[in-house]
Amino acid sequence: MIEIKNLTRKFDQVVAVDDLSFDVREGEVLGFLGPNGAGKSTTMKVITGFLSPSSGSVTIAGFDIGGRPLEAKSLIGYLPEGAPSYGDMSTLAFLRFIARIRGYRGQQAEDRIAAVMRDVALESVAHQTIETLSKGFKRRVGLAQAILHDPKVLILDEPTDGLDPNQKNQVRELIRNLAKDKIVIISTHILEEVTAVCTRAIIIDRGKIVADGAPGELEARSRYHQAVEVRLSSEIDLAAELAGVAQIAGVERGHSGSASFTILSRGEPIFAQVSELAQRRQWPVEEFHVRRGQLEDVFRTVTQSAAGQ
């Protein structure tokens, strides 16, 4: 387990991380979210021991990252922002270098390297120098070095940055498989990443936690949770039609010129009531469905609220 208690990190007078406390348990995939400058990357660097905390503590499986750094770091695989590496090395030479640092030798090293290259699809660039690789391939080399020693804790800063949709899907599937017996923390600004692979999400802003929960729980806080989307073939006064229905919070019109609407709920399911009303009053319905809550909407709400405090 990772235990983070009252973690603070300052740069001169700037507080980048402000009294953060949370735990992450084995089997969890934690999405660590926040706007630019929120303190995500700084928190990742403190957890991995690249930066010392100004105060507070980070414990990895019982080992304090400051007091027993070698024991703690041996359990961590880390993909930093930008995936730094040695550009003049080939992919294979770099992974052999990492394998040696991690204590692998001989055939055991070659077997581990072959396995991770297969997992992240690097065989085609095994002998190509890293500086000549595309951004996506460089990212995959960074991911390969992070998982080479089969760590118990995997910390990934923007793991799919620069990848095409097929590569993103492949990496997400890899993360899901790895998470079965690991702790995975993903720092990302891509909200679809959280919905796709994470079991929990923490949103921070200005170094503080402003939301913490399963993606579905956070989505339920969206103003669009339980909303009903309606597209009509001709104009009607939908707001007037729905007047008096207590569970309806309002009606939003879609793009200019289209007869599409979002019927907002007060938090309760309204689809059955709206559907019954549409049939009874014979609305000219072309499309009709329930919207999921939007993590993006919750993200915007909680970070803007925090900024206004």
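Small disclaimer: the values here were computed from a predicted structure and weren't measured.

Participant: How should the pairing of strand β9 (residues 200-205) be read in this particular structure?
Facilitator: Of all six residues in β9, six are buried; the element is thus mostly enclosed. Pairing of strand β3 (residues 29-33) with β9, which is carried by four bridges, proceeds in the parallel orientation. If you follow Phe-32 over to β9, its bridge partner there is Ile-202.

Participant: Even after reading the chapter, I still don't get the packing of aromatic side chains, so can you show me in this structure?
Facilitator: Each aromatic ring pair is summarised here by two numbers: the centre-to-centre distance and the angle between the ring planes. For the coordinates displayed, the defined rule picks out five aromatic pairs. An aromatic cluster of at least three residues, connected via ring pairs, comprises Tyr-86, Phe-94 and Phe-97. Its end group placed over the ring of Tyr-224, Arg-223 keeps NZ or CZ at 5.2 Å from the ring centre.

Participant: Explain the sheet that holds strand β4 (residues 55-60) here, please?
Facilitator: Read across the open sheet, the four strands follow the order β2-β1-β4-β5; overall the sheet is antiparallel. With partners counted over all chains shown, the strands left at the sheet margins are β2 (14-24) and β5 (63-64), one partner each. Inspection of the sheet shows strand β1 (residues 2-11) paired to β4 by five bridges, in the antiparallel sense. For Lys-5, the partnering residue across the bridge sits in β4 and is Ser-57. Across the sheet, helix α1 (residues 40-47) touches β1, β2 and β4, and the angle it forms with β1 is around 120°.

The rules behind each value
Residues numbered from 1 in each chain as written. Predicted model: local features only at pLDDT ≥ 70, side-chain atom pairs only at ≥ 80, totals over all residues. Heavy atoms only, no water. Buried < 20%, exposed > 50% of the residue type's maximum accessible area, 1.4 Å probe, protein only. Helix = DSSP H or I, 4+ residues; strand = E, 2+ residues; numbered from the N terminus. Pairing = 2+ DSSP bridges. Phe/Tyr/Trp six-rings, centres within 6.5 Å; stacked < 30°, edge-to-face > 60°. Lys NZ or Arg CZ within 6 Å of the ring centre and 35° of its normal. Contact = heavy atoms within 4.5 Å. Axes fitted to C-alpha atoms, helices over the stretch in contact; angles between N-to-C directions.

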